[in-house]
Amino acid sequence: MRSSAGLLLLAGFIMAFTVLPTFAVAQEQPLASAEALLDATAKQSAGIANLSADFVQEKSMAVLARPMTSQGYFCLRRGSHEGDAHGRAASKDDNGFETADSLLWAYTRPLASGFIYKNGKGALWEGSPEATRPANERESTVITAIIRNILDWISIDPAALRATYRLERPQADKPMLLLYPLRQSFFAKLEVTFAEDLKSVSQLTFTERNGDTVRIAFRQTRVNEALPAPCAVLEAAGSDGQ
């Protein structure tokens with residue numbers, strides 16, 4: 001099956017999160033302030049049952065006069081967000097996701113497309129999230145990687161982030177971290193800005209090794225509120241590509 005045009009947007013998104021095989025970073029920096037912020041955000045996000053937001057994604061390249069811009073929204077419904085660590089671990093699938101979690105990632109411009117993760121399976125859609133098709137093996141790999149990294153930032157897993165990045169906090173009075181990959185990656189630096197209440201991420205900015213940047217700004221973030229109407233597909237039956 002030929003990949004959809006929408007998968008190109010998804011692939012562009014996952015490029016911003018992909019970490020390639022080992023290349024250790026020798027330089028070390030004091031982490032006290034960065035560690036404190038990371039732990040605080042993890043604590044604030046621990047009780048999130050559902051989350052939704054709009055986003056604007058911009059890709060700036062030296063060869064382009066203007067950034068490439070896409071817009072959309074996402075909705076997350078957590079499953080076993082409560083209970084002990086053993087219980088949560090037992091509910092996870094082979095990819096490390098809690099099978100009760102469901103996620104809708106939707107681009108509205110320039111193409112109406114996206115993916116849904118529900119009931120432990122991923123599906124792609126174009127035009128409307130109600131009209132899905134099962135993801136093929138390559139597409140499932142992309143979706144799995146996207147979901148893993150989205151949940152890292154939505155749920156704020158300090159252990160996973162410390163194992164992946166060297167952390168810096170350049171300004172103690174701002175809820176922002178700089179992260180440098182501990183393994184070889186196409187990007188050299190990731191800037192993460194948290195919301196003032198530390199319950200969510202307001203902006204991600206990736207600086208690639210060639211100087212190009214990818215910025216994803218989240219707007220109208222809703223934490224533990226009723227999911228908006230476009231997210232209703234997460235509740236509906238038959239929306240997991242079956």
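Here the structure is shown first, and the text comes after it.
A short tour of the structure in this document, coming up.

Conventions adopted
- Residues numbered from 1 in each chain as written.
- Predicted model: local features only at pLDDT ≥ 70, side-chain atom pairs only at ≥ 80, totals over all residues.
- Heavy atoms only, no water.
- Disulfide = S-S within 2.5 Å.
- Helix = DSSP H or I, 4+ residues; strand = E, 2+ residues; numbered from the N terminus.
- Buried < 20%, exposed > 50% of the residue type's maximum accessible area, 1.4 Å probe, protein only.
- Phe/Tyr/Trp six-rings, centres within 6.5 Å; stacked < 30°, edge-to-face > 60°.
- Lys NZ or Arg CZ within 6 Å of the ring centre and 35° of its normal.
- Pairing = 2+ DSSP bridges.

1. Brief notes about the state of the cysteines
Under the counting rule described, the total for this entry stands at 1 disulfide. Between the sulfur atoms of Cys 75 and its disulfide partner Cys 231 the distance amounts to 1.7 Å. As the torsion about the S-S bond is roughly -55°, the Cys 75-Cys 231 disulfide counts as left-handed. Placement of the pair is Cys 75 in strand E2 (residues 68–77) and Cys 231 in the segment after strand E11 (213–223), with a sequence separation of 156 residues. Judged by its relative accessible area of 2%, Cys 231 is buried.

2. Section: the packing of aromatic side chains
This model, assessed by the stated rule, comprises 4 aromatic pairs. Seen in terms of ring centroids, Phe 74 and Trp 105 are 5.5 Å apart; in terms of plane orientation they differ by 15°. Their pairing is stacked. On the criterion of sequence distance, the pair formed by Phe 74 in strand E2 and Trp 105 in strand E3 (residues 102–109) is long-range, its members being 31 residues apart. A single burial state applies to Phe 74 and to Trp 105, both of which are buried. Connected via pairs of aromatic rings, a cluster forms that spans Phe 55, Phe 74, Trp 105, Tyr 107 and Phe 218. A cation over an aromatic ring shows up here: Arg 166 above the ring of Tyr 180, its NZ or CZ 4.5 Å from the ring centre.

3. Observations concerning unusual backbone geometry
Backbone torsion omega between Arg 109 and Pro 110 reads 0°, so that peptide bond is classified as cis. Inspection of the secondary structure assignment puts Pro 110 in the loop between E3 and strand E4 (113–118). The phi dihedral of Leu 198 is positive, around 65°, even though this residue is not glycine. Secondary-structure assignment places Leu 198 in the loop between strand E9 (187–194) and strand E10 (201–208). Under the relative-accessibility criterion, Leu 198 is labelled buried at 17%. Phi at Asn 224 takes a positive value of approximately 55°, unusual for a residue other than glycine. The residue Asn 224 is located in the segment after E11 in this model.

4. Brief notes about the pairing of strand E5 (residues 121–126)
On a regular strand, each side chain points to the face opposite its neighbour's, so the side chains alternate between the two faces of the sheet. Taken together, the 6 bridges between E4 and E5 define a ladder with antiparallel strand orientation. Paired with Phe 115 across the two strands is Leu 124, which belongs to E5. Counting the residues that bridge the hairpin from E4 to E5 gives 2 residues, and of these Asn 119 lies at a positive phi of roughly 55°. Bridging between E5 and strand E6 (residues 132–134) involves 3 bridges; their strand directions are antiparallel. Opposite Trp 125, over in E6, you have Thr 132 as the bridge partner. The turn joining E5 and E6, which pair antiparallel and follow one another in sequence, is formed by 5 residues; a positive phi near 90° is taken by Gly 127.

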